[in-house]
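Residue-level structure breakdown
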Amino acid sequence: MAPKRKAPAASGRATKRVASGVSTPVSIDSDDDFSGSDGNESTGPNSAAPPKYDKVINSYKPSAYVRKKGKQPQDAADRLFRADRDFADQELKSDHHLRPLWLDPVHGKVVLETFSPSFKQAQNFLINVAEPQSRTTNMHEYTITAHSLFAAVSVGLTEQDIVRQLELFSKTKLPDSIIDDASVLQMLLRDPVISACRVEESNELRTEKAAKMGGLVIPGTKEAQGNKEAQARMEQQQQQQRQREKGDDDSDDEFGGQEAEKDMTEFLREEEDDDDLDEVHSFEIDGSKIQTVQEHCNVQLELPLTEEYDFRADEQNATLDIDLKPATQIRYYQEHALSKMFGNGRARSGIIVLPCGAGKTLVGITAACTEKKSVIVLCTSATSAGQWRAEFIKWSNVNPDDVIIFTSSEKGRVPLRACIIVCTYSMVTQNTRRAYDSQQTMDQITKREWGLMVLDEVHVVPAEMFRRVTERIKTHSKLGLTATLLREDDKIKDLNFLIGPKLYEANWLQLSEEGHIARVQCAEVWCPMTIEFHSEYIQAKTTNKRSLLSIMNPRKFQACQFLIDFHERRGDKIIVFSDNVYALKQYAEGLKKPYIFGDTGQRERDLVLQNFQYNDAVSTIFLSKIGDTSLDLPEATCLIQISSHYGSRRQEAQRLGRILRAKRRNDEGFNAFFYSLVSKDTMEMYYSSKRQAFLVDQGYAFKVITHLNGIDSMPNLRFETQDEKMTLLTDVLLQSETAGDEEKIVDDLFSDKSTFRKAGGGRKGGSGVKRQAGTLSSLAGGEDMAYLEYQRGSRSNKELAKPKNAFFGKEARERERRKKAQREMLQ
Ligand SMILES: Nc1ncnc2c1ncn2[C@@H]1O[C@H](COP(=O)(O)OP(=O)(O)OP(=O)(O)O)[C@@H](O)[C@H]1O
């Protein structure tokens, strides 16, 4: 008999340590396709090299790590093997190599081996019961939380199912766990906040049989297709039967009738099975206090609630005539996501997370086609509202007259019949007095009940806005859609009770391997500082100055120039992002490329974007932060970040999303590219790794490029001579403190005060940004970035925009100069 082996400590971040690709620098050769090597050089999770973790486990000697009293080994790994992480006593099952899960029962962490034979089955199970934390090539890490377990139970998994499956997939024996649902309800009844929200005074729970839930088929799936075919066959059989009865039967299909009967028997059997469903224990709460109860349960009691809508039993609200067009087939992951929402035959409110370009819109539309009740869609801009309407008409058979837009520029009338209304968050949440027609539409929206509310881009909308939306609009179910649940403001928890729990989160790498989104090569390019820039960097007294010096590092400029040239020659469309406006202008003008930032007027923006989209001579544009949320950007295949010095993981994920939808993604060997240019030995390196954390968790490996082969022999490379470098340094040193600031853009979504519209819709003449008052010192510095605060009411924007003093005169002249230069670049 083989000797018993002990389990190693299931360290929470095992995958992260394996995943980190930044530690071993590699270089690229400009003559090679940097993607062409298939990432073999990569040290990160995308590496084609065999999994190293495997070897670590096999050579593992658990006893060596057991922490003995009195002995305090102080090496770097010691903290990973503290008492609460030491699972050396857990016994490995004899066939543990066939089972893919390592469990940490103390912290609820689960590590899944992707190279295990039962990986797929284990993954399907884990997605239901746990939150994915990190999904790299060889290891996935999940956490089991109260929310995730509750979500699992509410899609029909029982406590026994969960324990049985965990036991099945785990390499070690499971510790016991007990859940008691009824006692939770009794506890809620006794809770002072909740009992005050109840309708009845009694302490009794109401008990009834669970509603029948089977038979629901999500449109656009193979099952739905099968059902339609079966129904068509049945109709055909009935027709033939009628003809036979009339005596003029000429059909030779004598088995058709039996087939139809079989379908029906199967259907009835499913219905019968549903009779075995459990009992429902309930108590009723006052409708106006739902939000209080949700917040209290989710936040204080940590008992997440789910909202469910039995739409098939709703006879009060009119049915919407909508179905997916017969040719519309939803993809398997869209079906998975929707089955989480409709898994128990009702519509369960919650959030579906799919990467950019994976088809969130069709998920929302299919949800609408499943419920067939009135729908309200909330989106972030007028452009997006228009796209939602067009997509409804493209994918479904809905009558176009039934899809109404409500934005600042378009205010359709809401009909009394069932309909779909697509509006912007700002239109619905506006607190100030509305124009007459706008108020009328708003009244029609708030007066009626909606079956489904689709909330687009939930990660960028402030929680306060959701609160207002959900308070004002009566809806039976809510579906939040987003590419990432990351929010730097830590308001994600609020989304849980304002919308619902996360229902589904797709695996980015899997979708890109399957060609649903583009395959992306990520790289961090380390640019050494020149001696002069670095010595000024060390002496600089303020963060802003240091930041400006690291962005303007001449070697970074050269790397940017080289990469643009390299990718333009490959036929890529390139977006260069700079959060700093001074650098944006210096780089773009220095390289003779068009650019857009907050101050760029609408016509100039449109001109630049259209040229980028349609003009082969314009392959590169420079964008400030305005490109993150406020522009409807054409497709790009290469992104270069030159300045993004704070560690926003969301911004990083959002920017990556810009290239995930590349249409050429299914071309043989196609890769999109995402570069971050980082000045070596500066704070940029720290922020860069912070920003990458989310993408590393999604399985992206960041290659580190320490040398761009060919850069030294590149013709017309800028800042080659010492003189040029020194002139640049002098210019940077002469800039005022605020030149090192990031551009301050507050999307109009976030601000009631903003009088500006987002690009592509809304009020004429706006620039899509909120400008904030700049300090006098920023003006005195002579730099040409000025922010004005536009107040509502008192004076028109036109008046305010008139130059009022010499500085603004200069500003106007500068704008003219810039426009002229841009026009020349675009010719
Ligand atoms: N099931 C499907 N069959 C065919 N095409 C699809 C399907 N699902 C999505 N698409 C297409 O994929 C593209 C991306 O879809 P969509 O714009 O909805 O993505 P998204 O997730 O909303 O992206 P973003 O977050 O960037 O807005 C669209 O062209 C859409 O038509």
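Overview of the structure. (Residues numbered from 1 in each chain as written. Predicted model: local features only at pLDDT ≥ 70, side-chain atom pairs only at ≥ 80, totals over all residues. Heavy atoms only, no water.)

1. A look at the packing of helix H12 (residues 332-342) against helix H13 (residues 360-371)
- Contact pair H12 / H13: the axes reach a minimum separation of 10 Å and the direction vectors enclose 45 degrees. Viewed along their axes, H12 and H13 adopt a mutual orientation that is oblique. Taken as a pair, H12 and H13 cross one another with a handedness that is right-handed. Taking contact as the criterion, the partners of Gln-334, Leu-338, Met-341 and Phe-342 in H12 are, on H13, Leu-362, Val-363, Thr-366, Ala-367, Thr-370 and Glu-371. (Axes fitted to C-alpha atoms, helices over the stretch in contact; angles between N-to-C directions. Helix = DSSP H or I, 4+ residues; strand = E, 2+ residues; numbered from the N terminus. Parallel < 35°, antiparallel > 145°, perpendicular 65-115°, else oblique. Left-handed = near helix turned anticlockwise from the far one by under 90°. Contact = heavy atoms within 4.5 Å.)

2. Describing H13
- In this model H13 runs 17 Å from its N-terminal to its C-terminal C-alpha over 12 residues, within 8% of the 16 Å that 1.5 Å per residue would give.
- Of all 12 residues making up H13, 11 are buried, and the element is well covered by its neighbours.
- Residues of H13 that are buried: Lys-360, Leu-362, Val-363, Gly-364, Ile-365, Thr-366, Ala-367, Ala-368, Cys-369, Thr-370 and Glu-371.
- Trailing H13 by a residue or two, Lys-372 shows a phi angle of about 55 degrees, which is positive. (Expected span 1.5 Å × (residues − 1). Buried < 20%, exposed > 50% of the residue type's maximum accessible area, 1.4 Å probe, protein only.)

3. Side note on the site of the ligand
- In the vicinity of the ligand there are 15 residues, among which Gln-334, Gly-357, Lys-360, Thr-361 and Arg-661 approach most closely.
- The separation between a nitrogen atom of the ligand and a polar side-chain atom of Arg-331 is 3.4 Å.
- Between the ligand and Gly-357, the relevant distance is 2.7 Å, taken from an oxygen atom to a main-chain nitrogen or oxygen of the residue.
- In isolation the ligand has 630 Å² of accessible area, and contact with the protein removes 74% of it.
- For the shell around the ligand, the secondary structure elements donating two or more residues are H13 and helix H14 (382-395). (Near = heavy atom within 4 Å. Polar contact = N/O pair within 3.5 Å; in protein donor to acceptor, adjacent residues only side chain to side chain. Areas by Shrake-Rupley, 256 points an atom, 1.4 Å probe, with all protein chains shown as cover.)

4. Focus: the packing of aromatic side chains
- Tallied over the entire structure, the rule returns 13 aromatic pairs.
- For the pair Phe-311 and Phe-342, a centre-to-centre distance of 5.7 Å together with 90 degrees between the ring planes defines the contact as edge-to-face. Here Phe-342 lies in helix H12 and Phe-311 lies in the loop between strand S8 (308-309) and H12, a separation of 31 residues in the sequence.
- Both rings, one in Phe-562 and one in Phe-566, keep their centres 6.3 Å apart while their planes meet at 5 degrees; by these two values the pair is stacked. Here Phe-566 and Phe-562 lie together in helix H22 (residues 554-569), a separation of 4 residues that amounts to about one turn. Accessibility classification places Phe-562 together with Phe-566 in one group, the buried group.
- The rings of Tyr-309, Phe-311 and Phe-342 are connected pair by pair, giving a single aromatic cluster.
- Taking NZ or CZ as reference, Arg-448 lies 4.8 Å from the ring centre of Trp-450, over its face.
- One cation-aromatic arrangement involves Arg-718 over Phe-719; the distance from NZ or CZ to the ring centre is 4.7 Å. (Phe/Tyr/Trp six-rings, centres within 6.5 Å; stacked < 30°, edge-to-face > 60°. Lys NZ or Arg CZ within 6 Å of the ring centre and 35° of its normal.)

5. Structural notes on the packing of helix H21 (residues 543-551) against helix H28 (residues 722-734)
- Packing of H21 against H28 brings their axes to within 10 Å, and their N-to-C directions diverge by 155 degrees. Between H21 and H28, the crossing angle belongs to the class labelled roughly antiparallel. The two elements H21 and H28 meet at a crossing, and its hand is right-handed. Along the contact surface, H21 presents Lys-545, Leu-548 and Leu-549, while H28 presents Leu-729, Val-732 and Leu-733.

6. Considering the sheet that holds strand S13 (residues 420-424)
- Strands sit in the order S12-S13-S11-S14-S15-S10-S16 across an open sheet of 7 strands; the sheet is parallel. Each of the sheet's edge strands pairs with one partner strand only, and the pair in question is strand S12 (403-406) and strand S16 (502-505). Here the strands of the sheet are splayed against their neighbours by 20 degrees on average, with no regard to which way each runs.
- Note that S12 and S13 share 4 bridges and pair parallel. Paired with Val-403 across the two strands is Ile-420, which belongs to S13.
- Each of strand S11 (375-379), S12, S13, strand S14 (449-455) and strand S15 (474-482) is contacted by helix H16 (residues 436-447), which is oriented at about 125 degrees to S12, the strand it contacts most.
- Across the sheet, helix H17 (residues 463-472) touches S11, S14 and S15, and the angle it forms with S14 is around 165 degrees. (Pairing = 2+ DSSP bridges.)

7. Describing the pattern of salt bridges
- The full count for this structure, using the stated rule, is 14 salt bridges.
- Between Lys-556 and Glu-684 there is a salt bridge, and its shortest N-O distance comes to 2.9 Å. Here Lys-556, found in helix H22, pairs with Glu-684, found in helix H27 (residues 683-697); they are 128 residues apart in sequence, far enough to count as distant. The residues Lys-556 and Glu-684 share a single accessibility class, namely buried.
- Counted as one network, the salt bridges with shared partners bring together Glu-131, Lys-502 and Glu-505. (Salt bridge = Lys/Arg side-chain N within 4 Å of Asp/Glu carboxyl O.)

8. A word on the nonpolar core
- Formed by 91 residues in total, the largest nonpolar core has its most connected members in Ile-420 and Leu-656.
- Each residue touching Leu-656, except ones within four places of it in the same chain, is listed here: Trp-508, Val-520, Cys-522, Leu-639, Phe-674, Leu-695 and Tyr-700.
- Counting residues in hydrophobic clusters, the runner-up holds 45 residues, among them Ala-523, Phe-566, Val-576 and Ile-705. (Core = buried A, V, L, I, M, F, W, Y, C linked by side-chain atoms within 4.5 Å.)

9. Section: the sheet that holds strand S2 (residues 101-104)
- With respect to topology, 4 strands assemble into an open sheet ordered S2-S3-S5-S4, the strand pairing being antiparallel. Taken across any chain shown, the strands that pair with only one partner, and hence form the sheet edges, are S2 and strand S4 (131-135). Within the sheet, the average angular offset between the axes of one strand and its neighbour, ignoring direction, is 20 degrees.
- Of the pairings in the sheet, the one linking strand S3 (residues 109-113) to strand S5 (residues 139-143) comprises 5 bridges and is antiparallel in character. Along S5, the bridge assignment pairs Val-111 with Glu-141.
- Against the sheet, helix H4 (residues 119-129) contacts S2, S3, S4 and S5, and its axis sits at roughly 155 degrees relative to S3.

10. With respect to empty space enclosed by the protein
- Tallied over the entire structure, the rule returns 3 cavities of 30 Å³ or more.
- Of the volumes computed, that of the largest cavity is approximately 120 Å³.
- Looking at the largest cavity, it is lined by 14 residues, and the ones nearest its centre are Ser-644, Leu-677, Val-678, Glu-684 and Ser-688.
- Elements supplying a minimum of two residues to the lining of the largest cavity: strand S21 (638-643), strand S22 (672-679) and H27. (1 Å grid on protein atoms, 1.4 Å probe; cavity = no way out; pocket = protein on both sides within 12 Å on 5 of 7 lines; lining within 4 Å. Points joined across faces, edges and corners; volume = space filled by probe spheres on them.)

11. Describing the environment of Ile-393
- Along the polypeptide, Ile-393 turns up in helix H14.
- Its relative accessible area of 24% is what places Ile-393 among the partly exposed residues.
- Once the C-alpha coordinates of Ile-393 and Val-403 are considered, the two residues, 10 residues apart in sequence, prove to be 8.3 Å apart.
- Setting aside chain neighbours within four positions, we find Ile-393 in contact with Lys-325 and Pro-400.

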